Amino acid sequence: MVKRTRRLYEGKAKVVYETDDPNKLILFFKDSATAFDGAKKAELKGKGTLNNTISSLIFEMLNSRGIRTHFIKRLSDNEMLVWRAKRFPVEVVVRNIAAGSVVKRLGFKEGDVFKKPLVELFYKNDELHDPLICEEHVRLMNLAPVETLPLMKETALKVNRILGEFFSEHYIKLVDFKLEFGLLPDGELAIVDEISPDSMRLWDAKTGEKLDKDRFRFDLGDLLEGYRKVLNRISE
Ligand code: 5GP
């Protein structure tokens, strides 16, 4: 049994701990909800468990489909064991339907369906508010090894196909999602962080009800109720 040792880092939604195995970390999912770079905050009891459970189910599925992720196993309600990774400060977003920042930036109407998935890159930097970047910025600023860029994009699109099909089987539309990548101890590229309704937009396929963090961002209803609906559907 791996033991939690030193607290390495505390983020907005998770705490990262070192363990007695130098190659493994424990992620603790907090009950905090934040939006707009932390300007809006709340403590929602049970959120950590929901995100850990949903994220673990998704990572397990991706691992079983040959997509490399940092996930090893779910340890408890709020804890996940992961491989230590050298993380890149880049967010890879895949969009199937227009929502969120792409609506504000480019004038799409929310709900516009893209002919093919749109992949965007963002620089993960709170002070700069995670600006949109292109591959040239990744190279110039050395944000990730350049040779990993095509594989990151290809993996993101593969994940989009797998998750899109998976959610649609459960009557949920995968609108968009964000992935983060890093290098595992063996040098392989892998998906890190979490894949949860905090990092995806999920709409009920029949009613269009928003089941993700937009509920919290825009006061659309109880956040936990949305996340519970997602969990209940995907674990049916
Ligand atoms: P947008 O660019 O429209 O704000 O976000 C696109 C998608 O990526 C949404 O599903 C959103 O939740 C996710 N996303 C973008 N930035 C972040 C971030 O900093 N943290 C998390 N958890 N998700 C993000």
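In short, a report on the structure. (Residues numbered from 1 in each chain as written. Predicted model: local features only at pLDDT ≥ 70, side-chain atom pairs only at ≥ 80, totals over all residues. Heavy atoms only, no water.)

With that settled, the discussion passes to the packing of helix α1 (residues 47-64) against helix α6 (residues 223-234). Taken N-terminus to C-terminus, the directions of α1 and α6 make an angle of 30 degrees; their axes are 10 Å apart at the nearest point. One way to sum up the angle between α1 and α6 is to call them roughly parallel. Note that α1 runs across α6; the crossing there is left-handed. Taken together, the residues of α6 that come into contact with α1 (itself represented by Lys47, Leu50, Asn51, Thr53, Ile54 and Leu57) are Leu223, Leu224, Tyr227, Arg228, Val230, Leu231 and Ile234. For the contact of α1 with α6, the residue count by class is 9 nonpolar, 2 polar and 2 charged. (Axes fitted to C-alpha atoms, helices over the stretch in contact; angles between N-to-C directions. Helix = DSSP H or I, 4+ residues; strand = E, 2+ residues; numbered from the N terminus. Parallel < 35°, antiparallel > 145°, perpendicular 65-115°, else oblique. Left-handed = near helix turned anticlockwise from the far one by under 90°. Contact = heavy atoms within 4.5 Å. Nonpolar A, V, L, I, M, F, W, Y, C, P; charged D, E, K, R; others polar.)

This model, assessed by the stated rule, comprises 4 aromatic pairs. Here the aromatic rings of Phe59 and Phe71 are separated by 5.9 Å at their centres, their planes lie at 25 degrees, and the arrangement is stacked. Of the two residues, Phe59 is situated in helix α1 and Phe71 in strand β6 (residues 71-74); the sequence distance between them amounts to 12 residues. Residue class for Phe59 comes out buried when judged on its relative accessible area of 0%. For Phe71, a relative accessible area of 4% corresponds to the buried category. Summarising the aromatic geometry, the rings of Phe166 and Phe167 are spaced 5.4 Å apart at their centres and angled 65 degrees between planes, so their arrangement reads as edge-to-face. Exposure remark for Phe166: the relative accessible area of 15% places this residue in the buried category. Residue Phe167 is classed as buried on the basis of its relative accessible area, which comes to 0%. Above the ring of Phe216, the side-chain terminus of Lys40 is found at 5.0 Å from the ring centroid. (Phe/Tyr/Trp six-rings, centres within 6.5 Å; stacked < 30°, edge-to-face > 60°. Buried < 20%, exposed > 50% of the residue type's maximum accessible area, 1.4 Å probe, protein only. Lys NZ or Arg CZ within 6 Å of the ring centre and 35° of its normal.)

A few words on the layout of surface pockets. Size it by volume and the second largest pocket reaches roughly 160 Å³. Lining of the second largest pocket is provided by Gly66, Ile67, Arg68, Leu151, Glu154, Thr155, Lys158, Phe181, Glu188, Leu189, Ala190 and Ile191. Elements that contribute at least two residues to the lining of the second largest pocket include exactly α4 (149-169) and β12 (189-192). With 4 residues, α4 is the single largest residue contributor to the lining of the second largest pocket. (1 Å grid on protein atoms, 1.4 Å probe; cavity = no way out; pocket = protein on both sides within 12 Å on 5 of 7 lines; lining within 4 Å. Points joined across faces, edges and corners; volume = space filled by probe spheres on them.)

Our next topic: the site of the ligand. What surrounds the ligand is a group of 15 residues, the closest being Arg95, Ser101, Asp176, Arg201 and Arg217. Measuring from an oxygen atom of the ligand, one finds a side-chain N or O atom of Glu91 at 3.1 Å. One of the side-chain nitrogen or oxygen atoms of Ser101 is found 2.6 Å away from an oxygen atom of the ligand. Alone, the ligand offers 490 Å² of accessible surface; in the complex the protein occludes 80% of this. (Near = heavy atom within 4 Å. Polar contact = N/O pair within 3.5 Å; in protein donor to acceptor, adjacent residues only side chain to side chain. Areas by Shrake-Rupley, 256 points an atom, 1.4 Å probe, with all protein chains shown as cover.)

A complete count under the given rule lists 31 salt bridges for this structure. One salt bridge connects Asp219 with Lys40, and the closest N-O pair in it is separated by 2.8 Å. Of this pair, Asp219 sits in the loop between α5 (214-217) and α6 while Lys40 sits in strand β5 (residues 40-43), and the two are 179 residues apart along the sequence. Given the relative accessible area of 63%, Asp219 is considered exposed. For Glu136, the salt bridge goes to Arg139, with nearest N and O atoms at 2.7 Å. Within this pair, Glu136 and its partner Arg139 are both found in helix α3 (residues 135-140), separated by 3 residues, close to a single helical turn. Residues joined in a network through salt bridges with shared partners are Lys14, Arg87, Lys124, Lys178, Glu180, Asp193 and Glu194. (Salt bridge = Lys/Arg side-chain N within 4 Å of Asp/Glu carboxyl O.)

Now for the pairing of β5. Of the strand pairs in this sheet, strand β4 (residues 32-35) and β5 are connected by 4 bridges, and their pairing is antiparallel. Note that in β5 the partner of Thr34 across the bridge is Lys41. Linkage of β4 to β5, two consecutive antiparallel strands, is achieved through a turn of 4 residues, within which Phe36 is found at a positive phi near 55 degrees. (Pairing = 2+ DSSP bridges.)

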